[in-house]
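Geometric and topological summary
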Amino acid sequence: MFSGGKDSCLACLIARENGYDISCLICVESENKESFMFHTPSVSEVREQAEVMDVPLVVVKTSGNKEMELMDLKRGIKNAIVDYGVGGVVTGAIESVYQATRVQKICNDLGVECFNPLWQRNQFEILEELIKKEFKVVVVGVFAYPLDSAWLGRKINEAFVSEMRILSEKYKINPAGEGGEFESFVLDCPLFRKALRVKSFEDFGEGNSWRREAVL
Amino acid sequence: MILIVNVCAEKLGYYEFVKPIEDIVGCDFVTKHYLDLSSEDLENCGKVIICGTSLMDNKFVEDVERFFWLKNFGKPVLGICAGMQIIGLVFGGKMKKGTEIGFYRENFRRDFLGLDGDVEVYHLHNNYISGLRNGWKVFSDGKIVQAVRRGNIYGVLFHPEVRNKEVIWRFVDE
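In this text the structure is predicted, and so the values were computed from the model without any measurement. (Residues numbered from 1 in each chain as written. Chains lettered and ligands numbered in written order. Predicted model: local features only at pLDDT ≥ 70, side-chain atom pairs only at ≥ 80, totals over all residues.)

A separate point is the overall build of chain B. Per the secondary structure count, chain B includes seven helices and nine strands. Over its C-alpha trace chain B gives a radius of gyration of 14 Å, about what one expects of a compact globule, namely 16 Å for 174 residues. Seen along its three principal axes, the alpha-carbon backbone of chain B occupies a region of about 40 × 35 × 30 Å. Here chain B holds 174 residues, and the buried ones make up 41% of them. Sequence separation of 24 or more characterises 70% of the internal contacts of chain B that already satisfy a separation of 6 or more. (Helix = DSSP H or I, 4+ residues; strand = E, 2+ residues; numbered from the N terminus. Rg over C-alpha atoms; globule rule 2.2 N^0.38 Å. Buried ≥ 20, exposed ≤ 12 C-beta atoms within 10 Å, placed from the backbone. Contact = placed C-beta atoms within 7 Å.)

If you want it as structure tokens, here you go:
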């Protein structure tokens, strides 16, 4: 399952490093921007990522109604099984039992494995691993105090991690954004044939809730 | 030193079912896959934790004789999910089908490594063990047995690494 964010890219990389073949990327495009299940990316951006990974993209559109999302996800995974013969689904879930449980149930019903290689990982350790593996990740959404529009476009680097250590202590912000505090987008990582570049962008929001729509 | 036994046939299973245990134990440990386990590994450790696997990874069942060392081991052992199923099969229990995925409330009828009474635990299994006799005590209510103990061998069907880390700390410290 692929959202274009740092966790799904890192999970995907770990799978490939362990010898698994990435047959396709399943991206759920929810019309509900408050989706309980999914980071709601711009599919046109994810399409660019899939292209530089040389991996086909399966897009599942959903109205975003809580239970319909799950039916739609099941349909998407089923399509991936039929079209690409996938034997397992990899997700970037770290802490969310809500998300992990639902994907586990769907995969179990469909007779395929579900792997969560970041499961229960220390979130600072994840950020450090992204830096070590030379991921180029930018913040494309913020949804919690005290994060504001100044965070949009920020790179995940050592300075970001240092600041997150303070915010995590003071405001209980999850440093990897697992509580939905921020969303990220990967511009480059070892899975990409070449780095992506943001040509232009537009920011939407107010206060502590902002989203950046980028054109690549 | 704790010996952490990886029973995953799938390489990706390590990250989800073994690494979290390595991160929790908080003391010296060594991790070995059950196919690479030597008698020295068992001699050199103080305690053993046998980890779980992904839902469809049941390869360990075919290799259960590789765990017969448990019968005369003597040192403390904690089996988690697949680990509990291995303990159950080694000691004469039967494996049955029973799927539980997600948070469930379980009642622990007496203290089990710090869990007592009504507790929320995380489940991820398609099978469970029943029919353990000869001194095995069951600590949970309900048809699907969640926690068993005989002497210093403990088995839990749920995954304490998700929301009940104290079970692992207690086992390590006891």
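On we go.
Residues and elements named next belong to chain A. If you trace the four strands from one edge of the open sheet to the other, you get S6-S5-S8-S7, paired in antiparallel fashion. Each edge of the sheet is formed by a strand with only one pairing partner; in this case those strands are strand S6 (182-188) and strand S7 (200-206). Here the average twist between neighbouring strands, direction ignored, is 30°. Examined bridge by bridge, strand S5 (residues 136-142) and strand S8 (residues 209-215) share two bridges and lie antiparallel to one another. If you follow Val-142 over to S8, its bridge partner there is Trp-210. (Pairing = 2+ DSSP bridges. Axes fitted to C-alpha atoms, helices over the stretch in contact; angles between N-to-C directions.)

Residues and elements named next belong to chain A. Running from N to C, helix H3 (residues 66-84) and helix H4 (residues 97-110) cross one another at 45°; their axes reach a closest spacing of 10 Å. With respect to H4, the element H3 is oriented oblique. You can see that H3 and H4 cross each other, and the crossing is right-handed. Residue-level inspection shows Leu-70, Leu-73, Lys-74, Ile-77, Lys-78 and Ile-81 of H3 in contact with H4, the latter providing Arg-102, Ile-106, Cys-107 and Leu-110. Split into classes, the residues belonging to the contact of H3 with H4 amount to seven nonpolar, no polar and three charged. (Parallel < 35°, antiparallel > 145°, perpendicular 65-115°, else oblique. Left-handed = near helix turned anticlockwise from the far one by under 90°. Nonpolar A, V, L, I, M, F, W, Y, C, P; charged D, E, K, R; others polar.)

Let's shift gears to the confidence of the model for chain A. Scored by pLDDT, chain A has a mean of 92; 95% of the residues are at 70 or more. Taking the mean pLDDT of every element in chain A, the minimum, 88, falls on S8 of chain A and the maximum, 98, on strand S3 (residues 88-90) of chain A. (pLDDT = per-residue confidence, 0-100.)

At the interface, 18 residues of chain B touch 18 residues of chain A. Listed by contribution, the elements that provide at least two residues to the side of chain B that touches chain A are helix H1 (13-17), helix H2 (19-25), strand S5 (94-112), strand S6 (115-130) and helix H6 (160-163) of chain B. Taken together, the residues that form the side of chain B that touches chain A break down as 10 nonpolar, three polar and five charged.

Once that is clear, we can look at unusual backbone geometry. All names here are of chain A. Backbone torsion omega between Tyr-145 and Pro-146 reads 5°, so that peptide bond is classified as cis. For Asp-54, which is not glycine, the phi dihedral falls at a positive 55°. Locating Asp-54 in the fold gives a position in the loop between helix H2 (43-53) and strand S2 (57-62). Residue classification places Asp-54 among the exposed residues on the basis of 10 C-beta atoms within 10 Å. Positioned with a positive phi, Glu-134 is a non-glycine residue whose angle comes to about 60°. Mapped onto the elements, Glu-134 comes out in the loop between helix H5 (123-132) and S5.

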